Amino acid sequence: MNYAWGQQGYSSLVAKILTHNSLPFDNTKPYAEYWMGTHINGPSEVYTKGSSQLISTLINKQLPYLFKVLSIEKPLSIQIHPDIPTATLLNKAHPEIYKDANHKPELFIVISESFELLFGFKSLQGAYETVIELREVFSFKEAKEFIDAKNIITYKNFIDKLMTLSESESTSIIHKLIELSKLKNNDNSKLIQLLFNN
């Protein structure tokens, strides 16, 4: 998969896997993911006795997981993965978007020297303290409501608003955070950790 966040050309482990398996690659493109499994968007083949067949045909079923090799150069977007009941409903209602009914639990095995993962949201108290500290940055009403009444509903509303900001709103917040970071002599790369666990 040539997602923009992947590593460029042969520097990517994905490109090296392609080369090792005599598959074509373009050294000018980013290579982000290499899939192995039975997913409809990238089913794997097994070579046996001079011929190939899909894994799903060989084992006569779909695998309940998708094995991926990731070569990450840039931060990925926020990933939200449903549980099995939700995945089943989404697949049934919108199969053109949700290609399968499997849930998406993830297990990471890091083979690089450094890797940073932000997982989940801060606790109610942790998020509250952050929003209080950054009240001049988060000027929208949901932030004020969260400050005025700290509870799970106002926290959810704050996160909902944060995830659906317009481009101009998010740009404004990013600029305010960067300026605040400079004033406080903080590391800009840590800004995202203000709301998410790592």
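Residues numbered from 1 in each chain as written. Predicted model: local features only at pLDDT ≥ 70, side-chain atom pairs only at ≥ 80, totals over all residues. Heavy atoms only, no water.

> Hey, could you run me through a nonpolar patch on the surface in this one?
Nonpolar side chains collect at one region of the surface, where L70, F108, V110, F115, L117 and F119 lie side by side and expose about 540 Å² of accessible area between them. Position of F115 among the secondary structure elements: in the loop between α3 (84–93) and α4 (124–133). (Patch = residues over 30% accessible without salt bridge, like charges linked within 9 Å, V, L, I, M, F, W, Y side chains within 5 Å. Areas by Shrake-Rupley, 256 points an atom, 1.4 Å probe, with all protein chains shown as cover. Salt bridge = Lys/Arg side-chain N within 4 Å of Asp/Glu carboxyl O. Helix = DSSP H or I, 4+ residues; strand = E, 2+ residues; numbered from the N terminus.)

> Even after reading the chapter, I still don't get the pattern of salt bridges, so can you show me in this structure?
Two side chains bearing opposite charge may form a pair once their charged atoms approach each other closely. The full count for this structure, using the stated rule, is six salt bridges. Salt-bridge contacts for E33 lead to K68; the nearest nitrogen and oxygen are separated by 3.7 Å. Here E33 is found in strand β3 (residues 33–36), whereas its partner K68 is found in strand β6 (residues 67–70), with 35 residues between them in sequence. The exposure class assigned to K68 is partly exposed, which follows from its relative accessible area of 35%. Put simply, D160 and K156 hold a salt bridge, and the shortest N to O gap is 2.7 Å. With D160 and K156 both in helix α6 (residues 152–163) and four residues apart, this pair spans about one turn of that helix. (Buried < 20%, exposed > 50% of the residue type's maximum accessible area, 1.4 Å probe, protein only.)

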